[in-house]
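# Architecture at a glance
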Amino acid sequence: MSGTNDSHVLLIRLAGPLQSWGIAGRFARRDTHSRPTKSGVIGLCAAALGLSREEPLGELAEVRFGVRADRPGTSLRDYHTVGGGKYPLRPRDLITDHQRAAKATTDSSPTPPQDDTLRPGPFGRAELRAWYGSPKYVGTDPRSGVLISGEVRRHSLITERWYLADAAFLVGLEHQDRALLERVAHALEHPKRLLWLGRKACPPSGDLAVGIAPGSLKEVFETHSLLPDAVGPEAEPSATAQRIRPWAWLESRRPLPGVGPLSDQPVQFGADGGTHSLRWETRHRITIAAHARGWDIIL
């Protein structure tokens with residue numbers, strides 16, 4: 001079995017105004033982990049490489065994952081209300097629902113029924129009037145002339161989304177095949193698909209792939225300075241390294257006693273959310289060496 005000296009680490013900078021790395025969020029509540037997840041980062045790399053959702057991840061899923069929180073960021077809760085009241089009719093509503101299209105073109109002043117009986121919905125589904133849904137009883141707004149929903153009593157759907165604001169993370173992907181890491185690094189800077197930091201509303205800023213270094217995750221984290229996003233452009237790197245000891249989470253190859261596993265090891269991505277398995281990790285305080293390598297990157 002090859003030793004640590006045979007390993008290489010691809011360093012990825014994840015920074016932007018907002019990030020969101022969901023773990024257990026569903027439906028009306030979308031959470032975020034305190035740091036990037038392995039599933040989210042491997043998904044980012046897969047998108048950059050242009051892999052389809054059903055395509056096997058192969059060696060990409062076998063990399064050893066680590067993340068250093070150079071600037072952890074702050075939690076941000078975004079409150080949403082979806083639906084309710086009057087709002088413009090979407091063109092796709094006219095295309096996908098012939099009943100809605102008929103109301104829009106034949107009845108400019110519809111009057112919604114006054115009872116709460118169960119009614120057939122589009123495509124044969126039964127729906128209650130009180131339940132949140134797409135626009136109903138389409139009419140024309142007398143002031144603007146745009147098509148709007150004439151049903152003003154439908155309940156709004158309340159959702160909440162959590163983000164990490166103003167965060168900067170240094171992610172490491174460790175593997176013995178340097179050529180694999182080089183392909184991923186090139187793809188991150190020349191992606192075949194759009195990339196985002198966990199959610200489509202969170203585009204990354206500046207460089208993503210910031211170098212490949214020999215050694216283990218811990219060694220590479222200790223020999224690279226804090227990201228400029230964390231220390232600021234006017235800070236002295238050596239002085240800052242002595243003052244700040246960031247946390248890092250390093251993946252373990254085997255289960256650890258007394259440590260709970262994370263369910264973010266990607267097996268396959270799919271339209272239904274994909275399949276994940278368990279993995280283990282350890283947390284460390286990273287003491288950055290005085291001779292740590294600096295950065296020449298675009299922020």
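Sequence positions are assigned chain by chain, starting from 1 and proceeding in written order. Reporting in this predicted model follows two pLDDT cut-offs: at least 70 for local features of residues, and 80 or more for side-chain atom pairs to be given and counted; totals over whole chains, interfaces and linings ignore these cut-offs and use all residues. Heavy atoms from the whole structure form the basis of all side-chain values; hydrogens and water molecules are not counted.

## Some points on helix α4 (residues 178-189)
- Every helix listed is a DSSP run of H or I at least four residues long, and every strand listed is a run of E at least two residues long, numbered separately from the N terminus. Expected helix span is taken as 1.5 Å per residue step, with the number of steps being one fewer than the number of residues. With 12 residues, α4 should reach 16 Å at 1.5 Å per residue; the first-to-last C-alpha distance of 17 Å fits that figure.
- Every buried residue of α4 is accounted for by Leu 180, Leu 181, Val 184, Ala 185, Ala 187 and Leu 188. One face of α4 carries all of its buried residues, which in axial projection span an arc of 165°.
- Residues of α4 that are buried make contact with β1 (8-19), α1 (38-49), β9 (157-175) and β10 (209-214).
- Distance and chemistry together define a polar contact, namely a pair of N or O atoms within 3.5 Å, with one atom able to donate a hydrogen and the other to accept it when in protein, and with adjacent residues in sequence counting only for side-chain atoms on both sides. With a side-chain oxygen positioned 3.1 Å from the backbone nitrogen of Ala 179, the residue opening α4 is Asp 177. Here the term buried applies to any residue with accessible area under 20% of the maximum for its type, exposed to any over 50%, and partly exposed to those in between, with areas from a 1.4 Å probe on protein chains only. Think of it as the arc spanned by the lines of direction from the helix axis to the C-beta atoms. Any two residues whose heavy atoms approach within 4.5 Å at even a single point are treated as in contact.

## Remarks on the packing of aromatic side chains
- Only the six-membered ring of Trp is used, alongside the rings of Phe and Tyr, when aromatic pairs are assigned; centres must lie within 6.5 Å, and planes under 30 degrees apart are stacked while those over 60 apart are edge-to-face, with the rest tilted. For the structure shown, the criterion picks out 0 aromatic pairs.
- Counted as over-ring charges are cases with an Arg CZ or a Lys NZ within 6 Å of the ring centre that also lie within 35 degrees of the ring normal. Directly above the ring of Trp 247 sits Arg 283, whose terminal nitrogen or CZ lies 3.8 Å from the centroid.

## Concerning the pairing of strand β13 (residues 275-285)
- Note on pairing: DSSP must find at least two bridges between two strands before they are called paired. Inspection of the sheet shows strand β11 (residues 247-252) paired to β13 by 6 bridges, in the antiparallel sense. Directly across from Ala 248, in β13, lies its bridge partner His 284.
- Here strand β12 (residues 262-268) runs beside β13; their pairing, made up of 4 bridges, is antiparallel. By the bridge assignment for β13, Gln 268 is matched with Thr 275.

Read these as geometric descriptors, not functional statements.
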